[in-house]
Each structure stands twice: as C-alpha cells, then as structure tokens.
Amino acid sequence: MFKRLADRVSLRRQISLLAGSIGLAIVGVTTIGSALLARGQATDMAHNALLQVAQSMADRLDQDMAERLREIRNVGALEPLQPHWLENTGSLRKVLETIQRSLPDYAWIGFADRDGRVRAATGGLLEGASVSQRPWFNDGIKQAAVEDVHAAALLESKLPPNSDGMPFRFVDVAVPIADASGHIVGVLGAHLSWRWADIVRREVLSSRRPELKEDVVVLDRAGRVLLGSNPGATPYTAADLASGHFIVHSAEGDRLAAAAATRGRGDYPGLGWIVVALQPVDTALAGANRLTALILLLGLATAVLGVVAIWWAAARLTRPLAQLTGALDRIGREPNARMTRHVHGSPEVLRLSASVRSLLRRIGTAEAEARLVEAEASQAVHAAQDRVRRLGADLHAMQVLAETDALTGLLNRRAFLPLANDAMSYFKRYRRSICILMIDIDHFKGVNDLYGHAAGDEVIRQVGRIISEAIRTTDKVARFGGEEFVVLLRETDLKGAALFADRIRQTVANTVFEPEGPCLRSTISIGMAEAEFTDGDIDHTIERADCALYAAKSDGRNCVRSFAATASPSLRAAA
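Basis of the calculations
- Residues numbered from 1 in each chain as written.
- Predicted model: local features only at pLDDT ≥ 70, side-chain atom pairs only at ≥ 80, totals over all residues.
- Heavy atoms only, no water.
- Phe/Tyr/Trp six-rings, centres within 6.5 Å; stacked < 30°, edge-to-face > 60°.
- Helix = DSSP H or I, 4+ residues; strand = E, 2+ residues; numbered from the N terminus.
- Buried < 20%, exposed > 50% of the residue type's maximum accessible area, 1.4 Å probe, protein only.
- Lys NZ or Arg CZ within 6 Å of the ring centre and 35° of its normal.
- Pairing = 2+ DSSP bridges.
- Axes fitted to C-alpha atoms, helices over the stretch in contact; angles between N-to-C directions.
- Salt bridge = Lys/Arg side-chain N within 4 Å of Asp/Glu carboxyl O.

Draft legend 1. Broad picture of the packing of aromatic side chains. Scanning all chains against the criterion turns up 9 aromatic pairs. Ring centres 5.5 Å apart and planes at 55° place the aromatic pair Tyr236 and Phe246 in the tilted group. Residue Tyr236 is located in the loop between β7 (225-227) and α6 (238-243), and its partner Phe246 is located in strand β8 (residues 245-248); the two are separated by 10 residues in the primary sequence. For the pair formed by Tyr236 and Phe246, the shared burial category is buried. With 4.8 Å between their ring centres and 50° between their planes, Tyr426 and Tyr430 make a pair best called tilted. Taken as a pair, Tyr426 and Tyr430 lie in helix α11 (residues 413-430) at a separation of 4 residues, close to a single helical turn. Exposure remark for Tyr426: the relative accessible area of 30% places this residue in the partly exposed category. Assessed through its relative accessible area of 47%, Tyr430 is described here as partly exposed. One aromatic cluster is present, built from ring pairs that chain together Trp108, Trp136 and Phe137. Across the ring face of Tyr426, the terminal group of Arg490 is positioned such that the distance to the ring centre comes to 5.3 Å.

Draft legend 2. Broad picture of the sheet that holds strand β10 (residues 274-280). The strand order β7-β6-β10-β9-β8 describes an open sheet built from 5 strands, whose pairing is antiparallel. Unpaired on one side and paired on the other, β7 and β8 mark the two borders of the sheet. When strand polarity is set aside, the average angle formed by the axes of neighbouring strands in this sheet is 35°. Bridge count between strand β9 (residues 255-261) and β10: 7 bridges; the pairing is antiparallel.

Draft legend 3. Region of the structure containing the pattern of salt bridges. Inspection of the entire model under this criterion finds 26 salt bridges. Salt-bridge contacts for Glu532 lead to Arg544; the nearest nitrogen and oxygen are separated by 3.8 Å. Of this pair, Glu532 sits in the loop between β14 (524-530) and α15 (538-554) while Arg544 sits in helix α15, placing them 12 residues apart in sequence. On the basis of relative accessibility, which here comes to 36%, the residue Glu532 falls in the partly exposed class. Between Arg561 and Asp555 there is a salt bridge, and its shortest N-O distance comes to 2.8 Å. Overall, Arg561 belongs to the partly exposed group, its relative accessible area being 24%.

Set out below in structure tokens:
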C-alpha cells in the first residue's frame, strides 16, 4: 500500500510532505502536552477555588444556624419571661414580636404549652391552634432541636405571599421552656424563612468576580436540592458528592463542581447539608485554552516556514524528473500523442526515458487488440439481451394464456383460487368480511339450442363484461366453466353483497344481447355466502355459495339467495 502511494506522489512532494509531517508532529505533541498540562493545572485551580466557595457557603450556613439556635435558647432562658409563658400571653406576644422585628429572618415565633396548643405567637398567627403533631414541637419538648427545610403546613394561608410567588419553606428551631422549678411547661419555636439561605448565597457570590460565572446549590443529606434550580431533584450521585469535585454534564453545557458538607458549630449539630459550587468548564479553562491556541499558532507558523524552505530545495533536486513526468503527462492528455522524446539530465533519467518509450510501443499494440475484443464482446452481449427479451415476452404471453379465460378475458379457476385463498387468510387474520357470489346463466342450454352457440358465447361474454364493470378494483371475478361465474367481494358482508348481486341481476335482465338480430334476453341466478372462521379454506365458502345458487335455481331462477338465509338443514349439512 505504501509503495503504491509513493509511486503516485512526486519526489518533491514526498520530501516536502515528510518534512511537513515531522514538523506538524512536533507541533502536535507540543500543543497536546501543553494543553493537557495547562488544562490540568487550570482544572485543579478552578476546583480549589470552587471548594473554597462551597466551604465558605457551608461555614456561613453553620454559623447562622448556630446563632439562630443560640438566640432562641437565650430567649427561652430569659428570667423576666418566666411569669408570662402561661399567664400573660399578651405581654409574651409583644416580646416575641419585638424579637421578630430585630431578626426579620424569622417568619414566625410562637410558644406552645405541653399539650401543643399555641398560647402566644407573632402577629397572633396560629394562637389557639394545635401543633402537637408537628416535628418541631415533639422534638423541642425533649431538648433543643433544629428541623430540616420543609414546606409551610399551617402558615401557608396565613402569611402574605412572597413577592416572587415562590412557596414558603422554613427551617424550624425549637427549645423546651421550663418554669422556676425546672418543670417543662411548653416549647418555644421559630420558623426561620429559607429565603435567608438565598441571601447568604448571594453575599458569598458577591465576593467573587462576576466573569467567573459561579453558582451555588444547597442539597440535603439525601442529595435533594434545597436551594437552586429544580428544588427536590437529585441531580448528583452519591459517588460524585463523596469525591468532593466532579464534572456536571447538562443541556446547558459542562460545569466543574466542588462539594463541601456542613459540619455544625458549637451546640448546633448540623443538618447534613451539602453545598455544591459550580462553574462552566469553558470559563474555568479559558486561560488554558488561550495558551494552547497561542502555542498552536506559533508551532504552525514554524512548520509552514520549514515546509516552504524544503519545497524550494526539493524543486531544484527533482527538476529533471519533473520534465520527464510532463512529457508522459502530455501522452495521456493529447489524443494524437503516442510517443515521448528522449529526456536528458542524468544517466538514470536517460535510461528511464528509453524504458518508457519501449513500454509505450507495447501499450499501443495492446490497446488495438483490446478494442477489437471489446467490439466482439459488445456484439455478443447485445445478441444475448435480445434473446432474453424475446424469451420474457413469450413467458408472459404463456402466463396470460394459462390464467385467462379465452372467451371472456376473465380469470379462470386456476388463477382465481390463489387470490381467493389470500383473501381468506386476510379475513382470518384481520376479521375483515369477504363474500363469494356464484352466478349461473338461466336456461343457457335453451339459448344454445334456440339461437346457436355463437349467440350463447355472446351472452357469456356480455354477462362477464357486466360483472367485471360492476366490481371494484379490489374484487375479483372468474369464469369457472360453461355459463358459471364466481365473484370475490372483499370488505363486504352479506347485506352489501346482496345489494351488489341484485344490481347485477337487474342489469342482465334488462340487457338485449343481440340488438341487431333476434330479441335475445337472458337472466341469471346468484348464490351468496360469507366467509366464516369455521371454513377450512375458500373452497368451503364456494361450496356454500354453490348451495345458495342451487336454492336460487329451485326458487324459480332470476333471483339472489344467500346460504345463511335460505339453506335448509340438509343443504347446510351438505355444505
């Protein structure tokens, strides 16, 4: 393969291509190595930066939650409030509302007694309502508790809607309240609006440069999104989160990701939140891509200059061979050229020129012989094609004669039965009705005896024409012999077949078969049968239609009878 390719490429081009390939290989290896090194370093730096963002967000969440827990504990431990927990709910409500105004992140603060009945709350919301089934009350009656993010169950309809239309979600903080003797008298609970976490997220991101296009997502311990797009979704696998850094593939593009888990702080045990910091891969690797492009441009420029210099040197060395090549090329392009002149330049070129001239003489002789053989072969092919066409026409004519009734031009029994069996198979597979009509010309022997066989043949031809003009393209009609015809009606039940049969019967009855001679008229009798699943093949349906035809003959002829309507038990048994 290599030798054949080398024979087709000039020496000048081979030298240039070899030198250029070496240069491009060096550039390619250098570029790929530099790109991988720069990409790896840029990726590590981006992951470290994202990890710092994620850890900063996690620390802020832990710090704020620890402060919220400490605040609620301090409120619950205020000695001046002890007389008001169960007695002066109005004063207690004012105190709670004062705390809420100083800490607007709290959407609701309330106190519930041991039975879970809210005694006092900010804005009077839920006062008198039972919260005994809420997790924050059941856990807070035992010890200080923090509940994970959840939707508003009781406050949704009582709080004013958010400006952005988003549903309320809260983080619950609850502590038990004891009286002076140390007995638990109730639970102080606070609903911290989860919008606080979005404010923290914006503050963390505001310290970063906007062109970095960083983003932060907060997940719960099960990996569901708490803060970010698609709340409740689980976009990352446990293996990715455990690795600490990974790449996210999405329709918006690939993004680098770093994960940091919250660990709690002080008395706040933490809720297992996971913070994921994200940055588009293109943004993170922009510097590495620019460095790679610069190295690639410099390498390509060097390679191009080297190829140009080698091309010029190769042209001087290969000029005699180029002259010989040009002389040979003219022979291929000019129809009257048969021989090349001697080419000088070196002993090797002279010997090559002589060899080419000898070869051209032999090629001229071989071409003359080939043209002669080609002409003889073409004549033989044309003769064979004519014989094949004549044979095909003869076979087609024989097939038409074998499958067509000579008198009427209709199908004969041999051609009709395969088509009818196909229709029967379609009927059994798809339950689409088919009907068989058996048609017989009444008193046909009398027509032959009275008017002659020529008139009888004309009656048969015209009855066949009437039937074939009345059927659809999907139906089939055949002459079964003598004066008997059979019709296959597809997608037709007995009711439709009866209308069709009676129309044919009336047409035949109204037809004058010898308009130029004696007034010759005739009638037909028709028997019908619809295919049934009990029929083994189409022959059984034809037999039942034949029985119906016998009934039509017995009823006085010139009528239509169906097997289902007219067959006696003996006829059905015979069918």
